[in-house]
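Single-letter residue listing:
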Amino acid sequence: MNFTELLPELLKGILHFTWGNALMITAALILIYLAIYKEIEPVLLLPIGFGCLLANIPLANMTAAQGVMSVLYNAGISTELFPLLIFVGVGAMIDFTPLLAQPKMALLGAAGQFGIFGTLILAIAIGFPLNQAASIGVIGAIDGPTSIFVATKLAPELLAPIAVAAYSYMSLIPIIQPPLMKLLTTKKERLIQMEYTPKPISQKTLAFFPIVLTLVVGLLVPEATPLIAMLMLGNLLKVSGVVDRLSKSAQNEIINIATLFLGLAIGATMSAESFLNLATIKILGLGLLAFALDTVAGLLFGKLMAVLSGYKINPLIGAAGISAFPMAGRLAARVANDEDQNNFILMHAMGANTAGQLGSVIAGGILLAIVSKLI
Amino acid sequence: MKYVVNVAEKIYEVEIEDLHARPVIARVDGQEFKVSPEDDMKPADQKETRELKSIELSTPTLGPIANTGELTAPLPGTIVEIFAKTGEHIEAGQVILVIEAMKMKNSIRATRAGKIAEVLVNAGQIVAHKQPLVRFG
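Residues numbered from 1 in each chain as written. Chains lettered and ligands numbered in written order. Predicted model: local features only at pLDDT ≥ 70, side-chain atom pairs only at ≥ 80, totals over all residues. Heavy atoms only, no water.

Peer 1: Can you help me understand the overall build of chain B in this one?
Peer 2: When helices and strands are counted, chain B shows one helix and 12 strands. Put simply, chain B runs from its N terminus to its C terminus through helices and strands in the order β-β-β-β-α-β-β-β-β-β-β-β-β. When burial is assessed residue by residue, chain B has 37% of its 137 residues classed as buried. Sequence separation of 24 or more characterises 45% of the internal contacts of chain B that already satisfy a separation of 6 or more. Surface exposure of chain B reaches about 7700 Å², of which carbon and sulfur atoms provide 52%. (Helix = DSSP H or I, 4+ residues; strand = E, 2+ residues; numbered from the N terminus. Buried < 20%, exposed > 50% of the residue type's maximum accessible area, 1.4 Å probe, protein only. Contact = heavy atoms within 4.5 Å. Areas by Shrake-Rupley, 256 points an atom, 1.4 Å probe, with all protein chains shown as cover.)

Here it is, written out as structure tokens:
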């Protein structure tokens, strides 16, 4: 073999490298940079970023049929296993006490889902078919697992940009939400201090809640059952108080392993060929709009509740009526606290936030039910 | 839970949902009262029933109370760090301690300047809403 034949073989990786790959690797490095140096959702962005990096190394074959990324994707994303396992962990971390103690917060969790339907209509208007439009709308609730669950069923071809949008907007909550909060509320509204008079919640109520909710949602919206059931299973492990080991595993090992593999598998779908196209840009734009609309709907509903309650409810908690738990709840509390160092609306915001978590799962289920009948 | 209270020879039946919630919600003869016991710590015998009602029917005070000698917990949670020391002079706005609630750390600041007469809580302690944290001297 002479050297001129050997050289292309040695350099084949570089020779197959495209500008698209370079662009996607830059994107991957930005995600990794944000995770490491800005500590923005590192648990998600680090695996997604690294997965994206791997997907853009030509001829590495990690995303080919038998490649490790494809194996992970087929095992956990196509089957919806990873998002459901993540929900077991999320359920074990959620404390429904602030919601059960202040049941009217459930209204904010419902209002926060408006953006899903608003974006769906808009996505249809700019030419997406119904199944894709519905999957894009779910981004608005900033619920990664539900977005993946719905997209896998309705529009698997859009899964990568949808998952990337849901997870990156989740990490951008502290950047996207505050301007909207400031724009839509007056200083006077943000200064409203809220009385915290929780109804005492018994251990029995806490334990019955996940069981009853699973049955009620399951019977009303069967399509939402897998998501709500896994979420509630995790919660039951926690509140029952008798399986501390299982609850701890759900909160740590199970959710961590599922998040790592989900992040990697999703990141690995971000290859230049499949990701760099107009549809991705539209989806990222619509997803951002859906998120903004959800926030706006929540805030406006919060303002309505403020008026109806005689200014005893701080409308900022409306912005927490989305799924991202506990980031959205903490952020609403922080914005109120920044305005007045002695104002703490955390418990109320968390009530709205847990309601938003339930609301997005139910909204996702309703969308699945309606859209799968229509297509 | 129901309590029987005897005030000036008259028997009242008081129903209280949760004694640890702040304010305490009490129902007396179908009327609802919100009471923050730590806020008005006056000697009980000086209080007439009528006076009591007028105090409690007024708008409930929110947040840590500036004009009483105590700083109270604005939200329930666990005390994770205490910065203020007994005898120390602090400025309004200075961080007194940190309460962790829903896995979020909340800096609790002094609502007034003054000397701290007593720190009423310990690190690691779980506090209820409106529970006194420090007493000013």
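Next, the rest of the story.
Peer 1: Which parts of the structure should I look at to understand the sheet that holds strand 6 (residues 77-82) of chain B?
Peer 2: Across a sheet, paired strands are connected by hydrogen bonds in the backbone, their directions being either parallel or antiparallel. All names here are of chain B. The antiparallel open sheet is built from four strands, whose spatial order is 9-8-6-11. If you trace the sheet from one side to the other, it starts and ends with strand 9 (104-109) and strand 11 (126-127), each paired once. Pairing geometry for strand 6 and strand 8 (residues 95-101), over four bridges, is antiparallel. Bridge assignment links threonine 78 to a residue of strand 8, and that residue is glutamate 100. (Pairing = 2+ DSSP bridges.)

Peer 1: Looking at this structure, how should I read unusual backbone geometry?
Peer 2: Residues and elements named next belong to chain A. Residue proline 326 is bonded to the preceding phenylalanine 325 through a cis peptide linkage, with omega at 0 degrees. Tracing the backbone shows proline 326 in the loop between helix 19 (278-308) and helix 20 (327-339). Of note, leucine 59 is a non-glycine position whose phi angle comes to about 65 degrees, a positive value. With respect to the element layout, leucine 59 can be found in the loop between helix 4 (42-55) and helix 5 (68-77).

Peer 1: When you look at the interface of chain A and chain B in this model, what are you seeing that I'm missing?
Peer 2: Frequently, the measure chosen for interface size is the accessible area that the parts lose on association. With 19 residues of chain A at the interface, the matching set in chain B holds 26 residues. Here chain A meets chain B over a buried area of about 1900 Å², counting both sides, of which 66% is carbon and sulfur. When residues of chain A are sorted by the area they lose upon contact with chain B, A:Glu195, A:Asn342 and A:Phe344 head the list and together hold 30% of the total. On inspection of chain A and its partner chain B, the count reaches one salt bridge. (Buried area = accessible area lost by both parts, 1.4 Å probe. Salt bridge = Lys/Arg side-chain N within 4 Å of Asp/Glu carboxyl O.)

Peer 1: When you look at the pairing of strand 3 (residues 24-28) of chain B in this model, what are you seeing that I'm missing?
Peer 2: The side chains of a regular strand alternate between the sheet's two faces. Residues and elements named next belong to chain B. Extensive coverage of strand 3 is indicated by the burial of four of its five residues. Inspection of the sheet shows strand 2 (residues 10-16) paired to strand 3 by three bridges, in the antiparallel sense. Residue pairing across strands places glutamate 15 opposite arginine 27, the latter belonging to strand 3.

Peer 1: Help me understand the packing of helix 6 (residues 81-93) of chain A against helix 17 (residues 244-267) of chain A in this model?
Peer 2: Think of two packed helices as two axes; the pair is described by the angle between the axes and how far apart they sit. Residues and elements named next belong to chain A. Their axes nearest at 8 Å, the elements helix 6 and helix 17 cross at an angle of 145 degrees. Our pair here, helix 6 against helix 17, has a crossing hand that is left-handed. Taken together, the residues of helix 17 that come into contact with helix 6 (itself represented by Phe82, Pro83, Leu85, Ile86, Val88, Gly89, Val90, Ala92 and Met93) are Ser247, Ala250, Gln251, Ile254, Ile255, Ala258, Thr259, Phe261 and Leu262. A per-class count over the contact of helix 6 with helix 17 returns 14 nonpolar, four polar and no charged. (Axes fitted to C-alpha atoms, helices over the stretch in contact; angles between N-to-C directions. Left-handed = near helix turned anticlockwise from the far one by under 90°. Nonpolar A, V, L, I, M, F, W, Y, C, P; charged D, E, K, R; others polar.)

Peer 1: Help me understand helix 17 of chain A, please; the structure alone is not making it clear to me.
Peer 2: Side chains of residues three or four places apart in an α-helix project in the same direction, reflecting 3.6 residues per turn. Residue and element names in this part refer to chain A. If you check helix 17, its first and last C-alpha atoms are 33 Å apart, about what 24 residues at 1.5 Å a residue would give, namely 34 Å. The axis of helix 17 is deflected most strongly, by about 45 degrees, at alanine 250. Considering only its buried residues, helix 17 is in contact with helix 4, helix 5, helix 6, helix 11 (144-154), helix 12 (159-171) and helix 16 (225-240). (Expected span 1.5 Å × (residues − 1). Bend = angle between axes of the 7 residues up to and from the residue.)

Peer 1: Is there a simple way to think about the nonpolar core in this case?
Peer 2: Across soluble globular proteins, nonpolar side chains show a tendency to be buried alongside one another. Counting 136 residues, the largest nonpolar core has A:Ile173, A:Leu358, B:Ile96, B:Ile99 and B:Leu133 as the members making the most contacts within it. Of all the elements, helix 21 (residues 346-374) of chain A adds the most residues to this core, at 12 residues. Setting aside chain neighbours within four positions, we find B:Leu133 in contact with B:Leu71, B:Thr72, B:Ala73, B:Ile79, B:Leu97, B:Ile99, B:Ile108, B:Val119, B:Leu120, B:Val121 and B:Val127. By size, the runner-up hydrophobic cluster in this structure holds eight residues, among which are B:Tyr12, B:Val24, B:Ala26 and B:Val35. (Core = buried A, V, L, I, M, F, W, Y, C linked by side-chain atoms within 4.5 Å.)

Peer 1: Even after reading the chapter, I still don't get the pairing of strand 9 of chain B, so can you show me in this structure?
Peer 2: Residue and element names in this part refer to chain B. Only one face of strand 9 is buried, namely the one carrying Met104, Asn106 and Ile108, since none of Lys105, Ser107 and Arg109 on the opposite face is buried. Direction of pairing for strand 8 relative to strand 9: antiparallel, over a ladder of six bridges. Note that in strand 9 the partner of valine 98 across the bridge is serine 107. Counted between consecutive antiparallel strands, the loop separating strand 8 from strand 9 contains two residues, among which methionine 102 sits at a positive phi close to 50 degrees.

Peer 1: What should I look at first to understand the confidence of the model for chain B in this one?
Peer 2: Do not read the predicted coordinates in detail wherever pLDDT is low. Residue and element names in this part refer to chain B. Residues at a pLDDT of 70 or more form 72% of chain B, whose mean pLDDT is 76. With pLDDT under 50 throughout, residues 40-67 is counted as low confidence; its partners more than four residues away or in other chains account for 36 contacts. Here the predicted complex carries an ipTM of 0.72, next to a pTM of 0.79. (pLDDT = per-residue confidence, 0-100.)

Peer 1: What exactly am I supposed to notice about the environment of A:Ala151 here?
Peer 2: Residue and element names in this part refer to chain A. By the element assignment, alanine 151 lies in helix 11. For alanine 151, a relative accessible area of 0% corresponds to the buried category. Dropping the residues within four chain positions of it, alanine 151 is found in contact with Ser135, Pro156, Leu159 and Ile162.

Peer 1: Please explain the sheet that holds strand 5 (residues 70-72) of chain B as it appears in this structure.
Peer 2: Residue and element names in this part refer to chain B. As summarised here, the arrangement of the four strands in space is 5-12-10-7, forming an open sheet in which the pairing is antiparallel. Either end of the sheet is taken by a strand with one partner, and the two such strands are strand 5 and strand 7 (89-90). Pairing geometry for strand 7 and strand 10 (residues 114-119), over two bridges, is antiparallel. Bridge pairing in strand 10 links isoleucine 90 to glycine 114.

Peer 1: Would you mind showing me how to read the side chain of A:Thr152 here?
Peer 2: All names here are of chain A. Position of threonine 152 among the secondary structure elements: in helix 11. Note on threonine 152: relative accessible area 13%, which makes it buried. At a separation of 2.4 Å, a polar atom in the side chain of threonine 152 contacts the main-chain carbonyl oxygen of isoleucine 148. Not counting residues within four places of it along the chain, the set of residues in contact with threonine 152 comprises Ile77, Ser78, Glu80 and Leu159. (Polar contact = N/O pair within 3.5 Å; in protein donor to acceptor, adjacent residues only side chain to side chain.)

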